[in-house]
Amino acid sequence: MTPPLEHLSRNGRLDRFFIGGEWREPRGTAKGAVVNPATEEVVVRFPLGNGADVDAAVSGARRAFAGWSRTRPEYRAGPLDRLQELLEARSELLAQCLTLEMGAAIGYARTAQVPLAIAHVKTARDVLTTFPFVEQRGHTAVTYEPIGVCALITPWNWPLYQITAKVAPALAAGCTVVLKPSELSPLSALLFAEVIEEAGFPGGVFNLVNGDGPCVGAGLASHANVDMISITGSTRAGIAVAQAAAPTVKRVAQELGGKSPNVILPDADFDRAVSLGIAAGFRNLGQSCSAPTRMIVPRAQLAEIESIAERAADEIVVGDPLLETTTHGAIANRAQFDRIQTMIGVGISEGAKLLAGGPGRPGGLNAGLYVKPTIFSEVRTDMRIAQEEIFGPVLCIIPYDTVDEAVAIANDTVYGLGAHVQGKDMEAVKDVASRIRAGQVHLNYPAWDPHAPFGGFKQSGNGREYGLEGMLEYLEVKSILGYF
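Residues numbered from 1 in each chain as written. Predicted model: local features only at pLDDT ≥ 70, side-chain atom pairs only at ≥ 80, totals over all residues. Heavy atoms only, no water.

A. Molecular detail of the environment of F270. The residue F270 is located in helix α10 (residues 270-281) in this model. Remark: the alpha-carbon pair of F270 and A309, spanning 39 residues in sequence, is separated by 9.8 Å. (Helix = DSSP H or I, 4+ residues; strand = E, 2+ residues; numbered from the N terminus.)

B. Quick look at the pairing of strand β18 (residues 440-443). As judged from the 4 bridges shared by strand β17 (residues 418-422) and β18, these two strands associate in the parallel manner. Residue pairing in the sheet places V421 in a bridge with L443 of β18. With helix α15 (residues 426-435) bridging β17 and its parallel neighbour β18, the resulting β-α-β unit is right-handed. (Pairing = 2+ DSSP bridges. Right-handed = clockwise from strand over helix to strand, strands pointing away.)

C. Representation of the sheet that holds strand β5 (residues 134-137) within the structure. The antiparallel open sheet is built from 3 strands, whose spatial order is β5-β6-β20. Only two strands of the sheet have a single partner each, and these edge strands are β5 and β20 (475-480). Averaged over all pairs of adjacent strands, the angle between strand axes in this sheet comes to 25°, irrespective of strand direction. In this structure, β5 lies alongside strand β6 (residues 140-146), joined through 4 bridges in antiparallel fashion. Bridged to R137 within β6 is T140. (Axes fitted to C-alpha atoms, helices over the stretch in contact; angles between N-to-C directions.)

D. Region of the structure containing the packing of aromatic side chains. Enumeration over the complete set of coordinates arrives at 14 aromatic pairs. Judged by centre distance (5.1 Å) and plane angle (50°), the ring pair of F18 and W23 falls under tilted. Site record: aromatic cluster; members linked through ring pairs are Y108, W158, Y161, W448, F454 and Y466. (Phe/Tyr/Trp six-rings, centres within 6.5 Å; stacked < 30°, edge-to-face > 60°.)

E. Looking closely at the environment of I331. Relative to the helices and strands, I331 is located in the loop between α11 (302-314) and α12 (334-349). Each C-alpha atom of the pair I331 and P37 lies 6.5 Å from the other, and the pair is 294 residues apart in sequence. The contacts of I331, once residues within four sequence positions are left out, are P37, M102, L285, Q287, Q336, F337, I340, L369, V371 and P393. (Contact = heavy atoms within 4.5 Å.)

F. Expanded view of the sheet that holds β18. One open sheet holds the 7 strands; their spatial order is β14-β15-β16-β13-β12-β17-β18, and the pairing between them is mixed. Strands with a single pairing partner mark the edges of an open sheet, and in this sheet they are β14 (353-358) and β18. Strand-to-strand, the axes of this sheet are offset by a mean angle of 15°, without reference to chain direction. Where strand β12 (residues 261-264) lies against strand β13 (residues 294-298), 3 bridges are found, and the strand directions are parallel. When the bridges of β13 are listed, N262 appears paired with M295. Contacting β14, β15 (372-377) and β16 (394-400), α12 crosses the sheet at an angle of about 25° to β15.

G. Geometry of the layout of surface pockets. Here the second largest pocket is characterised by a volume of approximately 440 Å³. Residue lining of the second largest pocket: 16 residues in total, with S69, R70, T71, Y144 and E145 positioned closest to the centre. Of all the secondary structure elements, the ones that give two or more residues to the lining of the second largest pocket are α3 (73-89) and β6. For the lining of the second largest pocket, the element with the most residues is β6, which contributes 4 residues. (1 Å grid on protein atoms, 1.4 Å probe; cavity = no way out; pocket = protein on both sides within 12 Å on 5 of 7 lines; lining within 4 Å. Points joined across faces, edges and corners; volume = space filled by probe spheres on them.)

So this is what it looks like as structure tokens:
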């Protein structure tokens, strides 16, 4: 048994939900399974919640809201500090858990999945301690108050990261929460709930119910005592949640799909721009909604860019995620593996030029959900591989003749989550960035910033996460006239 399973089994967490400050047995009998993507073997079965579990969790959150929402910011900062410390202390256990449940290479889990998740807790705590919950405008007080009970639905591709990105600002704002993690990656959520308990949050402030979308997700979205729902997932799932939430007029925040462009301008350093672009597109095996998987490049330099891209792809090491030498592990689940294989076939049938990768597993890997990092060139923007979110290590190189055409290609998508622009002339780079319809634009591969608001235009969703704007999502605005 792996260390995460040993830990959860020893502490009796594998078959429990965390509701009202207690680890409770589920009300139903349905079971889910965690499959190790590296072996395709079931490693544990766990309970799936039902409507009664949802009601219990929401009731626990509602009872706790009356007290937690009235606490002072400095009081809420205390358990957030302890949460950060405890997550740091268990970072190795969490990294191994992520490798087990969603196939991330252990090195990537240690250096990205876990530390970036912890950064969201620190960021929420920092925002909390400086945020003006009461502002004066003449004789009027404008106050910011917690919205209430928040249902949070998180995905399988960045399990812990997306949990902290939602839970930390919600708790900082004074809300209480019910978390439904992906049923494909529930183990890290159980470890997180255990840390929440040890950090000293009052009972009912945080609640966890494992379950699937049609039952637990829909139950939370439609629940009359849930004031807000935040979902990270596919556009299809976001639409379903919004429809279920509409009759109760609750706030809905959605971080959904993407097909992010990476515009490489003619004056860019191609060696750097292309090689780092391949790394960014294939980060987390392309299983990121903001992955820049459309590389938009000057046609005159296409041959040079193709050569650099092929070399960059050759440096990727796909294999056993527990090996230190592996840079990219296994795809998180069978459905996603099959989707990637299908879309690689679509790209070939559409006539795109296959530069690297292709269908099937990499050589020497006869079992497990491993895919070849794949690069297509001479892609047209009307091809399916240029329009549909593949959510895997499949990158399209799309040539352009003018910068105006490059911007048009970048915006030729129903999505608008992330974007990248590369070039030496910063005025030109900034101009292109200002013309791209996306919620977050990266210029020349900057360092990640947990305070930079993140969210989408168009079908990539609504609302923002991270930093100040991330906490504002969980607050209501009240004006009190005659206050001053």
